[in-house]
Amino acid sequence: MQRVYITRMISLDALEEIKKACHVSVNSKDAPVKRHELIKNMKDKDGVLCMLTDRIDKEVLDAAPDLKVISTMSVGFEHIDVDEATKRGIYVCNTPDVLTEATADLAFSLLLATARHIPQADSFVRAGAWKEPWSPSLFLGMPVWGATIGIIGLGRIGKAVAKRAAGFNMKILYNNRRRLSREEEKALGVRYASLKNLLKRSDFVTIHTPLTKDTYHIIDENALRLMKPHAILINTSRGNTIDEEALIKALKEKWIAGTGLDVFSKEPIEKDHPILSLENVVALPHIGSATGKTREMMADMAAKNLLMALKSKKPFHLVNPEAERYKRAWL
Ligand code: DGY
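Draft legend 1. Highlighting the sheet that holds strand β10 (residues 232-235). Judged by pairing direction, the sheet is parallel, and its seven strands sit side by side in the order β8-β7-β6-β9-β10-β11-β12 without closing on themselves. A strand with exactly one partner marks an edge of an open sheet, and here the two such strands are β8 (190-192) and β12 (281-283). Strand-to-strand twist across the sheet, computed as the mean angle between neighbouring axes with direction ignored, equals 20 degrees. Across five bridges, the pairing between strand β6 (residues 148-152) and strand β7 (residues 171-175) is parallel. The partner of glycine 150 across the bridge, within β7, is leucine 173. Where helix α11 (residues 244-252) meets the sheet, its contacts fall on β10, β11 (258-261) and β12, and the angle it forms with β11 comes to roughly 140 degrees.

Encoded structure:
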């Protein structure tokens, strides 16, 4: 039987599926596996089902000479050294699609929450600070209906956000590596803009690109300086798409009005991180895909990808089809 390591407890259904075909060991702690344990556990494994919190780099791959597949329970795969895996003929698989709607829901909730100061207003009520029955100037926010939204990265999640924005009668600008066809743009009601124009014209800017060397700090000081003073920046992709130092400066000096962040350059963010002391910030603990149903679907998809690869079939969501060329005769 082939041997599989699962770096964090997944849904029982998905676990059972893998157990039917493989000998499985699981990190059953409710915490990411420690680096030394990961390395130790990879030794004799044919497959690993990992999380975005596990760095699968050369050192880990060196410890796993028999490895055939890395199946991550996430759409993002920047925690995996894909080039190194490819050279070794190891398949890398991820879980797109199944988390698109949940993540778009969260991005839009965060946009609304930031625009209308929902968390701050909730804390205000709970703290007993609400002393007058109604006040004409209490928690004045930014209108969302009819505003202009700029979507950076119009992939699956970006498009799902565009559909929600259309329901709020928003003007939708987008920037993407590849421009959509006119028909697609029309169907979605979106208009292409250069990054510079998008930043200049949007009331809300929301990031939906994967983290790559091209998108690292795509929002830096120059980008922030282009945004409108009343604009709000939303990030549910990866923390390192934003230069956080520059963002803190932008918020303090009021180049922009606020930000809603579900992701940070270092997670978990430290309690005394300077960004958390600013009042125009809404911060969430990386919960974009966090619905029970979505997480079950992600586990199921990660399990299917893993098992297909181990059966020497092409997995549903293969990040590195080029690995095929380097694949050893496994079976
Ligand atoms: C992902 O899948 O990459 C998200 O960040 C977590 O669901």
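Still more ground to cover, so stick around.
Draft legend 2. Examining the nonpolar core more closely. Ile10, Ile18, Leu49, Ile149 and Phe204 are the most contacted members of the largest nonpolar core, which totals 53 residues. With sequence-adjacent residues up to four places away left out, isoleucine 149 is seen in contact with Leu111, Val161, Ala165, Met170, Lys171, Ile172, Leu173, Ser202, Phe204 and Thr206. Within the second largest apolar cluster, 27 residues are counted, among which are Leu199, Ala223, Ile256 and Phe264.

Draft legend 3. Spatial organisation of the packing of helix α1 (residues 12-21) against helix α12 (residues 292-310). Close contact between α1 and α12 brings their axes to 8 Å; oriented N to C, the two are set at 15 degrees. With respect to α12, the element α1 is oriented roughly parallel. Here α1 runs over α12; the crossing is left-handed. Between α1, through Ala14, Glu17, Ile18 and Ala21, and α12, the contact on the second element is made entirely by Ala299, Asp300, Ala303, Leu306 and Leu307. Of the residues belonging to the contact of α1 with α12, the class tally is seven nonpolar, no polar and two charged.

Draft legend 4. Quick peek at the sheet that holds strand β3 (residues 47-50). Read across the open sheet, the five strands follow the order β2-β1-β3-β4-β5; overall the sheet is parallel. Each edge of the sheet is formed by a strand with only one pairing partner; in this case those strands are β2 (22-26) and β5 (91-93). In this sheet, adjacent strand axes meet at a mean angle of 15 degrees when their direction is disregarded. Of the strand pairs in this sheet, strand β1 (residues 2-6) and β2 are connected by five bridges, and their pairing is parallel. Of the residues in β2, the one forming a bridge with glutamine 2 is cysteine 22.

Draft legend 5. Examining the packing of aromatic side chains more closely. Within the structure shown, the criterion is met by three aromatic pairs. Ring centres of tyrosine 174 and tyrosine 192 lie 5.4 Å apart, and the angle between their planes is 80 degrees; this geometry places the pair in the edge-to-face category. Of this pair, tyrosine 174 sits in strand β7 while tyrosine 192 sits in strand β8, placing them 18 residues apart in sequence. Positioned above the aromatic ring of tryptophan 255, the side-chain terminus of arginine 225 is 4.0 Å from the ring centre.

Draft legend 6. Main features of the site of the ligand. In the region of the ligand, the neighbouring residues are Leu52, Ser74, Val75, Gly76, Leu99, Arg238, His286, Ser289 and Met298. The contact in question runs from an oxygen atom of the ligand to an N or O atom on the side chain of serine 289, over 2.6 Å. Relative to its unbound accessible area of 230 Å², the ligand is 90% covered by the protein chains. A breakdown of the residues in the shell around the ligand according to their chemical character gives four nonpolar, four polar and one charged.

Rules and cut-offs
- Residues numbered from 1 in each chain as written.
- Predicted model: local features only at pLDDT ≥ 70, side-chain atom pairs only at ≥ 80, totals over all residues.
- Heavy atoms only, no water.
- Pairing = 2+ DSSP bridges.
- Helix = DSSP H or I, 4+ residues; strand = E, 2+ residues; numbered from the N terminus.
- Axes fitted to C-alpha atoms, helices over the stretch in contact; angles between N-to-C directions.
- Contact = heavy atoms within 4.5 Å.
- Core = buried A, V, L, I, M, F, W, Y, C linked by side-chain atoms within 4.5 Å.
- Buried < 20%, exposed > 50% of the residue type's maximum accessible area, 1.4 Å probe, protein only.
- Parallel < 35°, antiparallel > 145°, perpendicular 65-115°, else oblique.
- Left-handed = near helix turned anticlockwise from the far one by under 90°.
- Nonpolar A, V, L, I, M, F, W, Y, C, P; charged D, E, K, R; others polar.
- Phe/Tyr/Trp six-rings, centres within 6.5 Å; stacked < 30°, edge-to-face > 60°.
- Lys NZ or Arg CZ within 6 Å of the ring centre and 35° of its normal.
- Near = heavy atom within 4 Å.
- Polar contact = N/O pair within 3.5 Å; in protein donor to acceptor, adjacent residues only side chain to side chain.
- Areas by Shrake-Rupley, 256 points an atom, 1.4 Å probe, with all protein chains shown as cover.

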